[in-house]
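So the chains spell out like this:
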Amino acid sequence: MYQAILFDLDDTLISLRGCEAQALLRTLDEAGLTGRFRDDFGSVSATFAVISSRYWGERGAKGYMREQVLAASLRDLLAHFNLDATLAEDLALKYWRDFCRSSALEPGALDTLRHLSRHFRLGLITNGYSDSQRGRLDAAGLTSFFDPILISEEVGIAKPDARIFEMALDALELSAGDVIYVGDSIAHDRAGCQNAAIDFCHYYPDPAAGVVLPTVKYRIGQLPDLIDLLGPGE
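Once a new chain begins, its residue numbering starts again from 1 and follows that chain's sequence as written. Under the rules for a predicted model, residues below a pLDDT of 70 receive no local features and side-chain atom pairs below 80 are neither given nor counted, while totals for whole chains, interfaces and linings still include all residues. Computation of side-chain values: all heavy atoms of the structure, hydrogens and water removed.

**Student:** Can you walk me through the packing of helix α2 (residues 41–62) against helix α3 (residues 66–80) in this structure?
**Tutor:** Axis separation between α2 and α3 bottoms out at 9 Å; the angle between their running directions is 145°. Considering only the axes of α2 and α3, their crossing is right-handed. Taking contact as the criterion, the partners of V44, T47, F48, I51, S52, R54, Y55, W56 and R59 in α2 are, on α3, R66, V69, L70, A72, S73, L74, R75, D76, L77 and H80. Its residues placed into classes, the contact of α2 with α3 shows 10 nonpolar, four polar and five charged. Angles shown run from 0 to 180 degrees and are taken between the N-to-C directions of axes, each axis being a line fitted to C-alpha atoms and, for helices, limited to the stretch in contact. Runs of E in the DSSP output that reach at least two residues are strands. Runs of H or I that reach at least four are helices, and both are numbered from the N terminus. In this scheme the crossing of two helices becomes right-handed for a clockwise turn of the near helix relative to the far one and left-handed for an anticlockwise turn of less than a right angle. By definition, residues are in contact when any of their heavy atoms lie within 4.5 Å. Gly is placed with the polar residues, together with every amino acid not listed as nonpolar (Ala, Val, Leu, Ile, Met, Phe, Trp, Tyr, Cys and Pro) or charged (Asp, Glu, Lys and Arg).

The following block contains the structure:
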């Protein structure tokens, strides 16, 4: 049925929170600060996730630049743990470098891609910065699986705009009916697929009680489910 599979990156193939945690640990370790946290780095990482999510969420409304988001997030983290908040700007530069080298894969991602790549053409459409998306793809050993790779910063168009999906179809020389897209976001991925008339598979590994989800073509709880769902000959 399908000739190609298009994937999202963050929280579909690579864990965004996992990458943040890896980068934060490296950054604080290089600064000689990890000893202060002993064996409780999990709480540090969780605290940072909450803080950074808030600043990233406010970025559009408040006009924050990426560097401002990172510096403010680290400043608040250091202050929360009674550390020197004046280190934040310098740590922000190191953190972004480390983030772009992180590689926290979603469970089963590599094996699933290896299997599917023998039967389907694979492409990637992701919103984000070029250095972070390409850097983490390389660090995780995923780059060679995908052609095309479309990153919103590079092409000037972001999901859910149909045009970034249409760019992938043009590169593949396929029609919308020949392709399925796999992603975790209802707002960006599902909406973009609807706009481009592409079938959508919702990756939803952590079901939340009481959450009513919109109807989608397919929904999976783990990436290896794609192998059985699509079948090698379909």
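**Student:** Please clarify how the packing of aromatic side chains should be interpreted in this entry.
**Tutor:** Planes of paired rings set the category: under 30 degrees apart is stacked, over 60 is edge-to-face and the rest tilted, where pairs are Phe, Tyr or Trp rings (Trp by its six-membered ring) whose centres lie within 6.5 Å. Applying the stated criterion across every chain, the model contains eight aromatic pairs. Taken together, the aromatic side chains of F48, Y95, W96, F99 and Y129 make up a single cluster linked through ring pairs. Only when the NZ of Lys or the CZ of Arg is both within 6 Å of the ring centre and within 35 degrees of the ring normal is a charge said to sit over the ring. The ring of Y129 is capped by R66, whose NZ or CZ atom sits 4.7 Å from the centre of that ring.

**Student:** What exactly am I supposed to notice about the pairing of strand β1 (residues 4–7) here?
**Tutor:** Remark: a regular strand shows side chains that alternate across the two faces of the sheet. For the exposure calls, accessible area comes from a 1.4 Å probe over protein chains only, and a residue counts as buried if that area is under 20% of its type's maximum, exposed if over 50%, partly exposed in between. Going residue by residue along β1, you find A4 and L6 tucked away on one face and I5 and F7 tucked away on the opposite face as well. A pair of strands counts as paired when DSSP detects no fewer than two bridges linking them. Of the pairings in the sheet, the one linking β1 to strand β2 (residues 121–126) comprises four bridges and is parallel in character. Looking at the pairing, L6 lines up with G123 of β2. Sheet analysis places β1 next to strand β4 (residues 179–183), joined by four bridges and oriented parallel. Residue pairing in the sheet places F7 in a bridge with V182 of β4.

**Student:** How should I be thinking about the packing of helix α1 (residues 16–30) against helix α4 (residues 88–99) in this particular structure?
**Tutor:** Two quantities define a packed helix pair, namely the angle between the axes and the distance from one axis to the other. Packing of α1 against α4 leaves a shortest axis separation of 8 Å and a crossing angle of 130°. By the angle class used here, α1 and α4 are oblique. Between α1 and α4 lies a crossing whose hand is right-handed. In contact with L16, C19, E20, A23, L24, R26, T27, L28 and E30 of α1, α4 contributes L91, K94, Y95, R97, D98 and F99. The scheme is simple: roughly parallel for angles under 35 degrees, roughly antiparallel for over 145, roughly perpendicular for 65 to 115, oblique for anything else.

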